[in-house]
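# Structural characterization, general
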Amino acid sequence: MTLEEKQVEIIAEFLVFDDWMDKYEYLIELGKDLPLIEESKKTNDRLIEGCQSRVWLETEIIDGRMMFTADSDAIITKGIIGLLIRVLNNEEPKDIATVDLHFIREIGLQEH
């Protein structure tokens, strides 16, 4: 599945929800599927600065493709990270660097 196809799939999933409470509940559910970083890797060098919640992100390149694991101490943030990883996981770094993550705007996440 391409980066664009992954984004279109997410947009379609969010179209079924009319209000943001339902979307938040869905984000919480998505966070449960987040590929979790190992506890031993929850170190300061993997902590994303600037977030109100704490987010740890681990990356590695396997066969030229980026693989991500992460965790957060906030359940909605876990869902958001899960969406990002779902789109970006197993993609080449050059494609990740240039992708327009338009699904964020289109599902209304940018405003919320």
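Structure's up top.
Since we're looking at a predicted model, the values are computed, not measured. (Residues numbered from 1 in each chain as written. Predicted model: local features only at pLDDT ≥ 70, side-chain atom pairs only at ≥ 80, totals over all residues. Heavy atoms only, no water.)

What follows is about the pattern of salt bridges. One pass over the structure, following the stated rule, counts 15 salt bridges. K6 serves as the salt-bridge partner of E91, at 2.7 Å between the closest nitrogen and oxygen. Of this pair, E91 sits in the loop between α3 (75-88) and α4 (93-98) while K6 is found in helix α1 (residues 3-15), placing the two residues 85 residues apart along the sequence. When its relative accessible area of 8% is taken as the criterion, E91 is described as buried. (Salt bridge = Lys/Arg side-chain N within 4 Å of Asp/Glu carboxyl O. Helix = DSSP H or I, 4+ residues; strand = E, 2+ residues; numbered from the N terminus. Buried < 20%, exposed > 50% of the residue type's maximum accessible area, 1.4 Å probe, protein only.)

All right, on to the nonpolar core then. Most often, soluble globular proteins have nonpolar side chains that are buried together. Ranked by internal contacts, the top residues of the largest apolar core, which has 20 residues, are F14, L27, L83, F103 and I107. Looking at this core, the elements that each hand over two or more residues are α1, α2 (20-31), β2 (65-72) and α3. Examining the composition of this core, we find that five residues originate from one element, α3, more than from any other. Those residues in contact with L27 that sit more than four places away from it in its chain are F14, W20, I75, I76, G79, I80, L83 and L109. (Core = buried A, V, L, I, M, F, W, Y, C linked by side-chain atoms within 4.5 Å. Contact = heavy atoms within 4.5 Å.)

Alignment of strand β1 (residues 55-62) against β2, held across eight bridges, turns out to be antiparallel. Looking at the pairing, L57 lines up with A70 of β2. Connecting β1 to the next strand, β2, in antiparallel fashion are two residues, including D63 with a positive phi near 50°. (Pairing = 2+ DSSP bridges.)

In this section: the side chain of D71. Relative to the elements of secondary structure, D71 occurs in strand β2. Among the residues examined, D71 registers a relative accessible area of 5% and is labelled buried. A polar contact is formed between the side chain of D71 and the side chain of K42, at a distance of 2.6 Å. Not counting residues up to four positions away in its chain, the partners in contact with D71 are L34, L36, I37, E39, K42, R54, V55, W56, K78 and I81. (Polar contact = N/O pair within 3.5 Å; in protein donor to acceptor, adjacent residues only side chain to side chain.)

Next up on the list: the environment of F17. By secondary structure assignment, the location of F17 is in the loop between α1 and α2. Linking F17 and I107, residues 90 residues apart in sequence, is a C-alpha distance of 9.9 Å. With residues up to four places along the chain from it excluded, the contact list for F17 reads D22, K23 and Y26.

Here we take up a negative patch on the surface. Negative charge collects at one region of the surface, where D18, D19, D22 and E25 lie side by side. Take D22: it is sitting in helix α2. Note on D22: relative accessible area 32%, which makes it partly exposed. (Patch = residues over 30% accessible without salt bridge, like charges linked within 9 Å, V, L, I, M, F, W, Y side chains within 5 Å. Areas by Shrake-Rupley, 256 points an atom, 1.4 Å probe, with all protein chains shown as cover. Lys, Arg positive; Asp, Glu negative; His and termini not counted. Charge placed at Lys NZ, Arg CZ, Asp CG, Glu CD.)

Purely geometric numbers; function is a separate question.
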